[in-house]
Amino acid sequence: MLSILGFSMIAIFIVLIMTKKLTPLTALIVVPVVVALIAGYGADLGEMMKDGVKDIAFTGVMLIFAILYFSLMIDAGLFEPLVTIILKKVGNNPINTTIGTAILTIIVSLDGDGSSTYLIVVAALLPLYKKQGINPLVLTCIIMLAGGIMNILPWGGPTARVMSSLQLGHAQIFIPMIPIMLAGIIWVIIVAYILGYRENKRICREGKYMEFSENDLLGESDPDLRRPKLIWINFILTICLLVVMILDLMPLGIAFMIAFCIASIINYPRLKDQQKIISKHAGNALSVAGMIFGAGIFTGILNGTGIMEAMGNSVIAVVPNDLGSNMSVITAIFSVPLTFFLTNDAYYFGILPIIITTGEQFAISAEVLGRASLVGQASHLLSPLVPSTYLLVALAGVEFSDHLKYTIKWAIGSSIIMLLTALLLGTI
């Protein structure tokens, strides 16, 4: 019964946002509350929601100050040299632009943090997309596809959860996944070419292709806020922030809070300018934070009612015993919907151990099933339960529902390519 409620809840949520009957924020809060009330959990609802918000609160704080920090750096002109380099490389060709997007995202994603990747790549490339007349959904699609592949890095999250849950090392889980990731990267670049080719044809057909120069792009920011003389100081500060993030020297939210305050004082010593920066970007930061806390309520109710665990168990239960010898392939296939409908923590710490126990009955090793469980990560970032996804669509100025509809087939394609590669190489 709980699993039926869970799948119904997520189906209703997706239908409501894709048909644009409700905003994602409203749907994230209203749908689980109504379902929990129907299921008879009204008395415990407040505590569940509070726990969910508490679990995700620090992520919300991190995103608020990350948006403020990188927005300040954009206004100050930190990324202008990067835009100039990209312009020289891609020219006025949308195909070059989309392929460049994939390569840049892959490089920036090496830090393992999706939020910072979105902030940096969108900041650098969105003006270029606007000037060339490329649909911004192409930008969010390519970024998310590349991010989904790079999310498998051990410091990206899912792989670390697998290693922790199964008590295995990176040599057993991650190293064999490298060729599969390379196949996924090649697929993303191919998709980028296809999307760029389509956009180029559309732009030429509609006569909306625009010639532009470096000054056109750089002119989109407020010239009064640019600080070209401080570019090296801002660069060093940003590198220090990334080092702190990669080495995990302190909580990322705290690091962004401190970095934003330092950057504000250095670049805009006048109180009036500091207030201008905050006012200019507060709306974007607030809209993303609201979505994060809404997602906290959604997952809090899913966890508190036991719906999330029941959903995972019900999926495992439908696998017939005579297919047990193919448990690794089944795990890889089901990892796509399971990591979409569940959080990574719920899947890797709650469901994966059950899969491992089942696999032992068929003499399938834990490391093989652990690697198989990572195949779904190519589609995971599209999940409405991933907070950073709302940051991406907000930065690019697109609707979550449009992004989901546009990207999902390509994301599933990534999972299929990775699965076929894994089978071909015998990784799973």
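To be clear, the structure that these remarks concern was listed above.
Note that the structure is a prediction, hence the values are computed from the model and not measured. Along every chain, residues carry numbers that run from 1 in the direction the sequence is written. Reporting in this predicted model follows two pLDDT cut-offs: at least 70 for local features of residues, and 80 or more for side-chain atom pairs to be given and counted; totals over whole chains, interfaces and linings ignore these cut-offs and use all residues. Excluded from the side-chain calculations are hydrogens and water; all other atoms, namely the structure's heavy atoms, are used.

A word on the overall build of the protein
1) Next: By definition, any uninterrupted DSSP run of H or I lasting at least four residues is a helix, any uninterrupted run of E lasting at least two residues is a strand, and each is numbered from the N terminus. What the protein contains, in helices and strands, is 21 helices and 0 strands.
2) Next: Sorting the 428 residues of the protein into buried and exposed places 55% on the buried side.
3) Next: The contact criterion used throughout is that any non-hydrogen atoms of two residues lie within 4.5 Å. Contacts in the protein between residues at least 24 apart in sequence constitute 81% of all its contacts with a sequence separation of at least 6.
4) Next: Areas reported here follow the Shrake-Rupley algorithm with a probe of radius 1.4 Å; residue values treat only the protein chains shown as occluding. About 17900 Å² of surface is accessible on the protein, with carbon and sulfur atoms providing 67% of the total. Summary of the burial criterion: residues with accessible area below 20% of their type's maximum are buried, those above 50% are exposed, and those between are partly exposed, where the area comes from a 1.4 Å probe applied to protein chains only.

Structural notes on the pattern of salt bridges
1) Next: Salt bridges are defined by distance alone: a side-chain nitrogen of Lys or Arg within 4 Å of a carboxyl oxygen of Asp or Glu. Applying the stated criterion across every chain, the model contains 6 salt bridges.
2) Next: We note a salt bridge from aspartate 273 to arginine 270, for which the minimum N-O separation is 3.2 Å.
3) Next: A residue is classified by how much of its surface remains accessible, and aspartate 273, at 12% relative accessible area, is buried.
4) Next: Between glutamate 367 and arginine 371 there is a salt bridge whose closest N-O contact spans 3.8 Å. One end of the pair is glutamate 367 and the other is arginine 371, both in helix H18 (residues 366-372) and 4 residues apart, which spans about a single turn.
5) Next: Judged by its relative accessible area of 7%, arginine 371 falls in the buried class.

Quick notes on the packing of helix H6 (residues 114-132) against helix H7 (residues 136-150)
1) Next: Here the axes come from fitting lines to C-alpha atoms, over the contacting stretch only for helices, and the angles between their N-to-C directions go from 0 to 180 degrees. At their nearest, the axes of H6 and H7 sit 10 Å apart, and the two run at 150 degrees to each other. The orientation of H6 with respect to H7, classified from their angle, is roughly antiparallel. Here H6 runs over H7; the crossing is right-handed. Here Tyr118, Val121, Val122, Leu125, Leu126 and Tyr129 of H6 come into contact with H7, specifically with Pro136, Val138, Leu139, Ile142, Ile143 and Met144. In this scheme, roughly parallel covers angles under 35 degrees and roughly antiparallel covers those over 145, while 65 to 115 is roughly perpendicular and the rest are oblique. Rotating anticlockwise by less than a right angle from the far helix to the near helix defines a left-handed crossing, while the corresponding clockwise rotation defines a right-handed one.

Some details on helix H16 (residues 327-341)
Along an α-helix, residues three or four positions apart point the same way, because every turn accommodates 3.6 residues.
1) Next: With 15 residues, H16 ought to run about 21 Å at 1.5 Å a step, and its terminal C-alpha atoms sit 20 Å apart, in line with that.
2) Next: Here the bend at a residue is taken as the angle between two axes, fitted respectively to the seven residues that end there and the seven that start there. Approximately 40 degrees is the largest bend angle found in H16, and it occurs at serine 335, with the proline proline 337 only one to four residues beyond.
3) Next: Considered for burial, the residues of H16 that qualify are Met327, Ser328, Ile330, Thr331, Ala332, Ser335, Val336, Leu338, Thr339 and Phe340. Helix span, expected: 1.5 Å multiplied by one less than the number of residues in the helix.

A word on the side chain of glutamate 199
1) Next: Of note, glutamate 199 is situated in helix H10 (residues 178-206).
2) Next: Within the structure, glutamate 199 has its side chain in polar contact with the side chain of arginine 202 (distance 2.6 Å).
3) Next: Discounting residues that sit within four places of it in the chain, glutamate 199 has contacts with Gly133, Ile134, Asn135 and Val138. Under the rule applied, a polar contact is a pair of N or O atoms within 3.5 Å (in protein, one hydrogen donor and one hydrogen acceptor; residues adjacent in sequence only if both atoms are side-chain atoms).

Side note on the packing of aromatic side chains
1) Next: Note on ring pairs: Phe, Tyr and Trp rings are taken, using the six-membered ring of Trp, and paired if centres are within 6.5 Å. Classes follow the plane angle, with under 30 degrees stacked, over 60 edge-to-face and the rest tilted. According to the stated counting rule, one finds 6 aromatic pairs in the structure shown.
2) Next: Arranged with centres 6.3 Å apart and planes meeting at 15 degrees, the rings of tyrosine 193 and tyrosine 197 form a pair that is stacked. Placement of both tyrosine 193 and tyrosine 197 in helix H10 is noted, with a separation of 4 residues, approximately one turn of the helix.
3) Next: On the basis of relative accessible area, tyrosine 197 is assigned to the partly exposed category, the value being 42%.

Considerations on the environment of serine 264
1) Next: With respect to the element layout, serine 264 can be found in helix H13 (residues 252-267).
2) Next: For serine 264 and glutamine 275, which are 11 residues apart along the polypeptide, the C-alpha to C-alpha distance reads 9.6 Å.
3) Next: Residues in contact with serine 264, not counting those within four places in the same chain, are Leu72, Pro269 and Gln274.

Focus: the side chain of serine 373
1) Next: In this fold, serine 373 is placed in the loop between H18 and helix H19 (377-380).
2) Next: A polar contact of 2.6 Å, which involves the side chain of serine 373, links it to the backbone oxygen of glycine 370.
3) Next: If sequence neighbours within four positions are ignored, serine 373 has contacts with Val162, Thr331, Ser335, Tyr347, Tyr348 and Leu352.

Here we look at the nonpolar core
1) Next: The definition of a nonpolar core used throughout is a set of buried Ala, Val, Leu, Ile, Met, Phe, Trp, Tyr and Cys residues joined through side-chain atoms within 4.5 Å. Counting residues in hydrophobic clusters, the biggest one holds 128 residues, and the most contacted among them are Phe13, Tyr69, Met73, Leu125, Phe256, Phe298 and Leu302.
2) Next: If near-sequence neighbours (up to four positions away) are discounted, leucine 302 is found in contact with Met9, Ile307, Met308, Met311 and Leu385.
3) Next: Membership of the second largest hydrophobic core comes to 6 residues, among which are Val33, Leu45, Ile297 and Ile301.

With respect to the environment of leucine 369
1) Next: Turning to its location among the elements, leucine 369 is positioned in helix H18.
2) Next: Under the relative-accessibility criterion, leucine 369 is labelled buried at 0%.
3) Next: Distance from leucine 369 to isoleucine 330, taken between C-alpha atoms, is 9.5 Å for residues 39 residues apart in sequence.
4) Next: With residues up to four places along the chain from it excluded, the contact list for leucine 369 reads Met327, Ser328, Thr331, Leu352, Ile355, Ile356, Gly359 and Ile364.

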